[in-house]
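# Report on the structure
Here is what each chain is made of, one letter per residue.
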Amino acid sequence: MMTENDDSFSCENSVKLPICIFFKDARLVFKLDKLGLEIASIALPAALALTADPIASLVDTAFIGQIGSVELAAVGVSIALFNQVSRIAIFPLVSVTTSFVAEEDALERVGSELKESDELETNPTSDVENQQLIAQNVSDSFELETVENERRHIPSASSAMVIGGVLGLVQAIFLISEAKPLLNFMGVKSDSPMLTPAQQYLRLRSLGAPAVLLSLAMQGVFRGFKDTKTPLYATVAGDLTNIILDPIFIFVLRMGVSGAAIAHVISQYLISIILLWRLMNKVNLLPPSIKHLQFGRFLKNGFLLLMRVVAVTFCVTLAASLAARQGATSMAAFQVCLQVWLATSLLADGLAVAGQAILASAFARKDYDKATATASRVLKLGLVLGIILAVILGVGMPFGARLFSKDVNVLHLIGIGIPFVAATQPINALAFVFDGVNFGASDFAYSAYSMVLVAILSILCLFFLSSSNGFIGIWVALTIYMSLRAFAGFWRIGTRTGPWNFLHYRS
């Protein structure tokens, strides 16, 4: 499949140094050619969907911040704990599902094209009819569905649903039963005023864990089909419901932090119901037999990514724990900065999703021209996006901080964190996009082992810098952490190793 002559996917033989792949055809970064449109059609809805949930959390934070700084800090710890446990359970599943579904979809299309080509050779028709059939075949190859209104058997989709459902139940039971010791580990001690509201919020929100994991598993399936619009519509519907219910439950019904948690749970079940309804129209989720489920393949690659996500989770959770140990004021400020940091950085994850889906399909077809062009394009777009976000946050966040708290001391610490939140945006964007590129190449082993090494170095920095420089030290350590993540991604492609070994033959 390396016979593609389209300028969008061509790879010139002028790449002499590894770094050149990142600057190759820089003038085409915003070009809306075939590749540019494909990236945009996947990345934009994915970015909006990925950003919707952190924005809903920001709305929760803003409403709860009006109750008091203790409640804000308590919910901040609970959200950090819930999200990190969720990432441990679902991130490997979502990433593996996206790549596997994209590969199966691409191979199915190749098989359909070969079958139709054989039929044309076996049953020759007139030249005009041949041209019409070939044109229709090429057009269909870029559609999101192979056959309209026909439900297909996708083994990875069925496997992801089963695993997601089981993990969701396990997470709910674990968080509800172990809420207090987990919060103690996060720095919320038994005599802390944060403990009671933190327990209330965490236990109630954990009731929505099955819906969260199932909906994210289904999003992985849709991403594999390069359909990110359906998850966007479902997520927006759920988050709007959350935003509407928040003030009703928190203030009108006077339920406080419990009301915020209940509103969030309702929204998550709504999202999962919408996604399940849409997915059942595209995929037959009941496999012909248990043998068609790919548990072995999922577990092998999922375990590698589990190592990776545990390393990522421990770094972020440790940072939140160190902030909580410094008191409610420090934790409240850290929560606001962290939510903004993650919400804006996740915009780049839309590019990562696009890169992963397109690259998985390209590698399955052995279309290395398109793989190279896609990696180069999404990385440059990520860098540009990061620079834009840095400017926006640097200018706007000092004015927007008052939306989250009225406490003078909290606002002072937020002001200290703003330069770090803004300046790290280009680094964060590149790190997230590199993740998508590596996952698209199914380079799960390197992603896991490199992240473990990055985490070890970052954890040492967190302990040392937080003890010597307090709140500022935590953010310096997080900056080092994201820089190391970006460097690890650059190193793999730059050295032309692993799945990128083919770059040696294109020099």
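Residues numbered from 1 in each chain as written. Predicted model: local features only at pLDDT ≥ 70, side-chain atom pairs only at ≥ 80, totals over all residues. Heavy atoms only, no water.

## Considerations on the overall build of the chain
- Looking only at helices and strands, the chain features 17 helices and zero strands.
- A total of 507 residues make up the chain; the buried ones form 57% of that total.
- Within the chain, contacts between residues at least 6 apart in sequence are counted, and of these 85% link residues at least 24 apart.
- Only carbon and sulfur atoms are counted for the fraction: they give 68% of the accessible area of the chain, which is about 21,200 Å². (Helix = DSSP H or I, 4+ residues; strand = E, 2+ residues; numbered from the N terminus. Buried < 20%, exposed > 50% of the residue type's maximum accessible area, 1.4 Å probe, protein only. Contact = heavy atoms within 4.5 Å. Areas by Shrake-Rupley, 256 points an atom, 1.4 Å probe, with all protein chains shown as cover.)

## Remarks on the layout of surface pockets
- Its volume calculated, the second largest pocket comes out at about 550 Å³.
- Only α3 (69-122), α5 (155-177), α6 (179-185) and α11 (295-325) provide two or more residues apiece to the lining of the second largest pocket.
- Here the lining of the second largest pocket takes nine residues from α11, the largest share from any one element.
- Classifying every residue of the lining of the second largest pocket by side-chain character gives 19 nonpolar, five polar and no charged. (1 Å grid on protein atoms, 1.4 Å probe; cavity = no way out; pocket = protein on both sides within 12 Å on 5 of 7 lines; lining within 4 Å. Points joined across faces, edges and corners; volume = space filled by probe spheres on them. Nonpolar A, V, L, I, M, F, W, Y, C, P; charged D, E, K, R; others polar.)

## Section: α11
- When the local axis directions of α11 are compared, the greatest deviation, roughly 25°, occurs at Phe303.
- Just downstream of α11, Gly327 is the residue with a positive phi angle, here 120°. (Bend = angle between axes of the 7 residues up to and from the residue.)

## Overview of a nonpolar patch on the surface
- Taken together, Ile67, Ile244, Ile248, Phe251, Val252, Leu253 and Met255 make up a surface patch of nonpolar side chains, about 610 Å² in accessible area.
- Positionally, Leu253 belongs in the loop between α9 (229-252) and α10 (256-280). (Patch = residues over 30% accessible without salt bridge, like charges linked within 9 Å, V, L, I, M, F, W, Y side chains within 5 Å. Salt bridge = Lys/Arg side-chain N within 4 Å of Asp/Glu carboxyl O.)

## Things to note about empty space enclosed by the protein
- Applying the stated rule across the entire model yields five cavities of 30 Å³ or more.
- In this model, the largest cavity occupies a volume close to 1,100 Å³.
- Lining the largest cavity are 47 residues, with Leu50, Arg87, Leu216, Leu346 and Asp349 sitting closest to its centre.
- Considering each element in turn, the lining of the largest cavity owes the most residues, eleven residues, to α3.
- The residue makeup of the lining of the largest cavity, split by class, is 23 nonpolar, 16 polar and eight charged.

## Overview of the pattern of salt bridges
- Throughout the structure, instances matching the rule amount to seven salt bridges.
- When the shortest N-O distance is used, the salt bridge between Asp435 and Arg308 registers 2.6 Å. With Asp435 in helix α16 (residues 425-440) and Arg308 in helix α11, this residue pair connects regions lying 127 residues apart in the sequence. Comparing Asp435 with Arg308, the two get one shared label, buried.
- Residues participating in the shared-partner salt-bridge network are Glu38, Lys226 and Lys370.

## Examining the packing of aromatic side chains
- Inspection of the entire model under this criterion finds eleven aromatic pairs.
- Arranged with centres 5.9 Å apart and planes meeting at 65°, the rings of Phe363 and Tyr368 form a pair that is edge-to-face.
- You can call Phe363 buried: its relative accessible area is 15%.
- Their ring planes at 85° and their centres at 5.6 Å tell us that Phe363 and Trp500 sit as a pair that is edge-to-face. Of the two residues, Phe363 sits in helix α13 (residues 347-365) while Trp500 sits in the segment after α17 (444-494), which places them 137 residues apart along the sequence.
- Judged by relative accessible area, Trp500 falls into the buried class, the value being 0%. (Phe/Tyr/Trp six-rings, centres within 6.5 Å; stacked < 30°, edge-to-face > 60°.)

## A few points about the environment of Thr230
- Inspection of the secondary structure assignment puts Thr230 in helix α9.
- Once you skip the residues sitting within four places of it in the chain, Thr230 turns out to touch Phe222, Leu275 and Arg278.

## With respect to unusual backbone geometry
- One non-glycine residue with positive phi stands out, namely Lys226, at about 65°.
- By the element assignment, Lys226 lies in the loop between α8 (209-224) and α9.
- Assessed through its relative accessible area of 19%, Lys226 is described here as buried.
- One non-glycine residue, Lys366, lies in positive phi territory at about 60°.
- Inspection of the secondary structure puts Lys366 in the loop between α13 and α14 (368-400).

## Looking at the environment of Gly256
- On the secondary structure map, Gly256 appears in helix α10.
- What makes Gly256 buried here is its relative accessible area of 18%.
- The residues touching Gly256, leaving out its near neighbours within four places in the chain, are Ile67, Phe249 and Ile250.

## Description of the nonpolar core
- Within the largest apolar cluster, 88 residues are counted, with the highest numbers of intra-cluster contacts made by Phe334 and Ile414.
- Per-element tally for this core: the top contributor is α17, with 18 residues.
- Setting aside its immediate chain neighbours within four residues, Ile414 contacts Ala333, Val336, Cys337, Met397 and Ala401. (Core = buried A, V, L, I, M, F, W, Y, C linked by side-chain atoms within 4.5 Å.)

## Observations regarding the confidence of the model for the chain
- Scored by pLDDT, the chain comes out at a mean of 82, with 85% of its residues at no less than 70.
- Scored below 50 in pLDDT, residues 1-16 makes 36 contacts in the model with residues more than four places away or belonging to other chains.
- Low pLDDT (under 50) marks residues 137-148, which in the prediction has 19 contacts with non-local residues, meaning those over four places away or in another chain. (pLDDT = per-residue confidence, 0-100.)

## Describing the packing of helix α12 (residues 328-345) against α17
- Direction vectors running N to C along α12 and α17 enclose 25°, while the axes themselves pass 11 Å from each other. Taken as axis vectors, α12 and α17 run roughly parallel relative to one another. Crossing of α12 over α17 shows right-handed handedness. Two secondary-structure elements touch here, α12 through Ser330, Ala333, Phe334, Cys337, Leu338 and Trp341 and α17 through Phe471, Ile474, Trp475, Leu478 and Met482.
- Split into classes, the residues belonging to the contact of α12 with α17 amount to ten nonpolar, one polar and no charged. (Axes fitted to C-alpha atoms, helices over the stretch in contact; angles between N-to-C directions. Parallel < 35°, antiparallel > 145°, perpendicular 65-115°, else oblique. Left-handed = near helix turned anticlockwise from the far one by under 90°.)

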